[in-house]
Amino acid sequence: MSTLFLALMLYPEVQKRAQAELDSVISRDRLPTSEDKPRLPYIEALCKELLRWHVVTPLGNNLSSTCMRTGDS
């Protein structure tokens, strides 16, 4: 969540565009559902970009520390 807030603070135009897309697809009296997802491409792209900024899982192991301990190269 902190990555989302940081991104929206750094790029207020992204927040405005995302809000505009939500307002055009969904009225303010309900939350988005999975049925709305195909009509929210900007929000989908924003979610993917946030995952790119803050990866949830590690993307490999730390082989360099193993090599340094054993003296292997």
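Draft legend 1. Broad picture of the packing of helix α1 (residues 2-10) against helix α2 (residues 12-25). The geometry of α1 relative to α2 is characterised by a closest axis approach of 4 Å and an angle of 105° between their N-to-C directions. By the angle between their directions, the pair α1 and α2 is classed as roughly perpendicular. Here α1 contributes Leu-8, Met-9 and Leu-10 to the contact with α2, which in turn contributes Pro-12, Val-14 and Gln-15. Residues of the contact of α1 with α2, tallied by class, amount to 5 nonpolar, 1 polar and no charged.

Draft legend 2. Local environment of the nonpolar core. Core analysis: the biggest nonpolar cluster contains 11 residues, these being Ala-7, Leu-8, Val-14, Ala-18, Val-25, Ile-26, Leu-40, Tyr-42, Ile-43, Leu-46 and Leu-50. Top contributing element to this core by residue count: helix α3 (residues 41-53), with 4 residues. Not counting residues within four places of it along the chain, the set of residues in contact with Ala-18 comprises Tyr-42, Ile-43 and Leu-46.

Draft legend 3. Broad picture of α2. The end-to-end C-alpha separation of α2 is 20 Å, in line with the 20 Å expected for 14 residues at 1.5 Å each. Those residues of α2 that sit buried are Val-14, Ala-18, Glu-21 and Val-25. Seen from one end, α2 has its buried residues packed into an arc of 60°, which puts them on one side. More than 90 degrees from the buried face of α2, the exposed residues found are Lys-16 and Ser-24. Tucked into the core, α2 has its buried residues touching α1 and α3.

Draft legend 4. Quick look at the pattern of salt bridges. Tallied over the full model, the rule gives 5 salt bridges. The residue Arg-28 makes a salt bridge to Asp-23 at a minimum N-O spacing of 3.3 Å. Across the pair Asp-36 and Arg-39 runs a salt bridge whose closest N-O atoms are separated by 2.8 Å. Counted as one network, the salt bridges with shared partners bring together Arg-30, Asp-36 and Arg-39.

The rules behind each value
- The residue numbers shown here count from 1 along each chain, following its written sequence.
- Selection of residues for local features in this predicted model requires a pLDDT of at least 70, selection of side-chain atom pairs for listing and counting requires 80 or more, and totals for whole chains, interfaces and linings are taken over all residues.
- With hydrogens and water stripped out, all remaining heavy atoms of the structure feed into the side-chain values.
- For helices, the fitted line uses only the C-alpha atoms of the stretch in contact; every axis is such a line through C-alpha atoms, and the angle between N-to-C directions lies from 0 to 180 degrees.
- Here a strand is any run of E in DSSP of at least two residues, a helix any run of H or I of at least four, and the numbering for each starts at the N terminus.
- Here roughly perpendicular refers to angles of 65 to 115 degrees, roughly parallel to angles under 35, roughly antiparallel to angles over 145, and oblique to all remaining angles.
- By definition, residues are in contact when any of their heavy atoms lie within 4.5 Å.
- Basically, the charged four are Asp, Glu, Lys and Arg, the nonpolar ten are Ala, Val, Leu, Ile, Met, Phe, Trp, Tyr, Cys and Pro, and anything else, Gly included, counts as polar.
- Here, nonpolar core refers to any group of buried Ala, Val, Leu, Ile, Met, Phe, Trp, Tyr and Cys residues whose side-chain atoms link them within 4.5 Å.
- Burial classes: relative accessible area under 20% of the type maximum marks a residue as buried, over 50% as exposed, and values in between as partly exposed (1.4 Å probe, protein chains only).
- An expected span of 1.5 Å times one less than the residue number is assigned to each helix.
- It is the directions from the helix axis to the C-beta atoms that the arc portrays.
- Just to be clear on terms, a salt bridge is a Lys or Arg side-chain nitrogen sitting within 4 Å of an Asp or Glu carboxyl oxygen.

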